[in-house]
Amino acid sequence: MTTVGASAADGATRHDATSLEARFQRNIDRDRRIEPRDWMPDGYRRTLVRQIAQHAHSEIIGMQPEGNWLTRAPSLRRKAILLAKVQDEAGHGMYLYAATETLGVDRGTLTQKLIDRAQKYSSIFNYPTLTFADVGTIGWLVDGAAICNQVPLCRSSYGPYARAMVRICKEESFHQRQGFELLLTMMAGTAEQRAMVQESVDRFWWPSLMMFGPPDDASPNTAQSLRWGIKRDTNDEVRQKFIDMTVPQAEVLGVTLPDPELRWNERRGHYDFGAIDWDEFTRVVGGDGPCNTQRLATRRRAHDEGAWVREAASAWAAKHAERAR
Ligand SMILES: [Fe+2]
Ligand SMILES: [Fe+2]
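It should be emphasised that the depicted structure is a prediction, and the values quoted were computed from it without experimental measurement.

Caption draft 1: Region of the structure containing the coordination of the iron ion (ligand 1). Around the iron ion (ligand 1), the protein supplies Glu 59 (OE), Glu 89 (OE), His 92 (ND1) and Glu 172 (OE) as donor atoms, at distances of 2.0 to 2.2 Å. Note that the iron ion (ligand 1) binds four donor atoms; their angles at the metal cover 85 to 139°, and the shape is irregular. Sequence spacing of the donor residues for the iron ion (ligand 1), all on one chain, is E-x29-E-x2-H-x79-E. In this structure the iron ion (ligand 2) is found 3.3 Å away from the iron ion (ligand 1), and Glu 89 serves as a bridging donor for the pair. With Glu 89 and His 92 both in helix H4 (residues 76–101) and three residues apart, the pair spans about one turn of that helix. Assigned by exposure class, Glu 89 and His 92 land together as buried.

Structure below.
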């Protein structure tokens, strides 16, 4: 008797899960937002946590390459702009960690995973910033690539993520423009400054194209993410959009993009481009880029040095909760 009862209950649960999932997918297909208290499949939650955490980590680690130039910016104006930008990136990290908290995973857990190398961040931040022109190139290319990636995410199916993206994109747009303006200023300067910009663009162009992730035929999660409305475009589509947008800007700047195969294809209505070195991408994402060790060591040290702040904040919160009771 017990066995029969149990299997009937299992059948009912399975049936409920199927209808819940069908309703969930219907909502997504009708372009409705999923909110934290709505039912969602485990895989959807897991994919979102992984993607948002990776994004949050990238914002936080991304503060390091540019933070490197804060004390050596060539003027007070450039220092103020750079400081504002680096602070924005910290804010982006915080919005995104807050978005993962609505999915039941707290920031402390995710930070630990980052430090333990159990979660990744964007490969681009493992490249060094060797000259001040890199500040401009990062704004122009890296924040430019981030915008291409993130604008479609403002329509992501998960409400808190989509709303965080709206604000982040507005700030990324400022980042991209300040980078372009810095490079434009340098290109109007001395021959040495122009050479500095060109050398920087030569180093950052290909890693920027890798920011969109592996090609579609090597990206097994893309199809499901598109079905769930977590992603809106494939990696290759967004990469092409970025290239099409950036080539005319390079012409305005007067820099050469380091790809001899880059040319307009009238038939496709897009720029053709050369082969990306995916071995390099795999190496850098896997931990063997020029600055991986340094980036994580800096993050780990900052986390350790901040322990007293976390303890003090927890003690303060506990005291106030006690008083409120
Ligand atoms: Fe950002
Ligand atoms: Fe940015």
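Caption draft 2: Highlighting helix H5 (residues 107–115). Residues of H5 that are buried include every one of Leu 110, Thr 111, Leu 114 and Ile 115, and no others. Each buried residue of H5 sits inside an arc of 140° when the element is viewed along its axis, so together they form one side. Summarising the contacts, the buried residues of H5 are in contact with helix H2 (42–61), H4 and helix H12 (292–305). Among the residues of H5, the N-terminal cap falls to Asp 106, whose side-chain oxygen and the backbone nitrogen of Gly 108 are separated by 3.0 Å.

Caption draft 3: Representation of the layout of surface pockets. Of the voids in this model, the largest pocket is the one considered here, and its volume is about 1,200 Å³. Lining the largest pocket are 48 residues, and of these Gln 51, Gln 54, Met 211, Phe 212 and Gly 213 lie nearest its centre. Those elements that place two or more of their residues in the lining of the largest pocket are H2, H4, helix H6 (133–150), helix H7 (159–187), helix H9 (222–227), helix H10 (235–253) and helix H11 (278–288). The element contributing the most residues to the lining of the largest pocket is H2, with seven residues. Considered class by class, the residues forming the lining of the largest pocket number 18 nonpolar, 19 polar and eleven charged.

Caption draft 4: Spotlight on the coordination of the iron ion (ligand 2). In the first shell of the iron ion (ligand 2), the protein supplies Glu 89 (OE), Asp 143 (OD), Glu 172 (OE) and His 175 (ND1), at 1.9 to 2.2 Å from the metal. Classification of the site at the iron ion (ligand 2) as irregular follows from its four donor atoms and the range of 88 to 157° in their angles at the metal. Donor residues for the iron ion (ligand 2) sit on one chain with the sequence pattern E-x53-D-x28-E-x2-H.

Caption draft 5: Representation of the environment of Ala 297. Take Ala 297: it is sitting in helix H12. The class for Ala 297 is partly exposed, based on a relative accessible area of 35%. Distance from Ala 297 to Pro 214, taken between C-alpha atoms, is 27 Å for residues 83 residues apart in sequence.

Caption draft 6: Local environment of a positive patch on the surface. A contiguous patch of positive charge, built from Arg 23, Arg 26, Arg 30 and Arg 32, is present on the exposed surface. Mapped onto the secondary structure, Arg 32 falls in the loop between helix H1 (2–29) and H2. For Arg 32, a relative accessible area of 44% corresponds to the partly exposed category.

Caption draft 7: Inspection of the packing of H6 against H10 at higher detail. One way to put it is that H6 packs onto H10 with a least axis distance of 10 Å and a crossing angle of 145°. Of the two elements, H6 crosses H10, and the hand of that crossing is right-handed. Along its contact with H6, which presents Trp 140, Leu 141, Gly 144, Ala 145, Cys 148 and Asn 149, the element H10 presents Val 238, Phe 242, Met 245, Thr 246, Gln 249, Ala 250 and Leu 253. Counted by class, the contact of H6 with H10 contains nine nonpolar, four polar and no charged residues.

Caption draft 8: Region of the structure containing empty space enclosed by the protein. Inspection of every chain in the model, using the stated rule, returns one cavity of 30 Å³ or more. Here the largest cavity defines a volume of roughly 40 Å³. Arg 78, Ile 81, Leu 82, Phe 132, Val 135, Gln 178 and Leu 182 are the residues that line the largest cavity. For the lining of the largest cavity, the secondary structure elements donating two or more residues are H4 and H7. In terms of residue count, H4 provides more of the lining of the largest cavity than any other element does, three residues in total. Taken together, the residues of the lining of the largest cavity break down into five nonpolar, one polar and one charged.

Rules behind the numbers
- Residues numbered from 1 in each chain as written.
- Chains lettered and ligands numbered in written order.
- Predicted model: local features only at pLDDT ≥ 70, side-chain atom pairs only at ≥ 80, totals over all residues.
- Heavy atoms only, no water.
- Donors = N, O, S within 2.8 Å, 3.2 Å for Na, K, Ca; no water.
- Tetrahedral: all angles 85-135°; square planar, octahedral: opposite > 155°, others 65-115°.
- Helix = DSSP H or I, 4+ residues; strand = E, 2+ residues; numbered from the N terminus.
- Buried < 20%, exposed > 50% of the residue type's maximum accessible area, 1.4 Å probe, protein only.
- Arc of directions from axis to C-beta.
- Contact = heavy atoms within 4.5 Å.
- Polar contact = N/O pair within 3.5 Å; in protein donor to acceptor, adjacent residues only side chain to side chain.
- 1 Å grid on protein atoms, 1.4 Å probe; cavity = no way out; pocket = protein on both sides within 12 Å on 5 of 7 lines; lining within 4 Å.
- Points joined across faces, edges and corners; volume = space filled by probe spheres on them.
- Nonpolar A, V, L, I, M, F, W, Y, C, P; charged D, E, K, R; others polar.
- Patch = residues over 30% accessible without salt bridge, like charges linked within 9 Å, V, L, I, M, F, W, Y side chains within 5 Å.
- Areas by Shrake-Rupley, 256 points an atom, 1.4 Å probe, with all protein chains shown as cover.
- Salt bridge = Lys/Arg side-chain N within 4 Å of Asp/Glu carboxyl O.
- Lys, Arg positive; Asp, Glu negative; His and termini not counted.
- Charge placed at Lys NZ, Arg CZ, Asp CG, Glu CD.
- Axes fitted to C-alpha atoms, helices over the stretch in contact; angles between N-to-C directions.
- Left-handed = near helix turned anticlockwise from the far one by under 90°.

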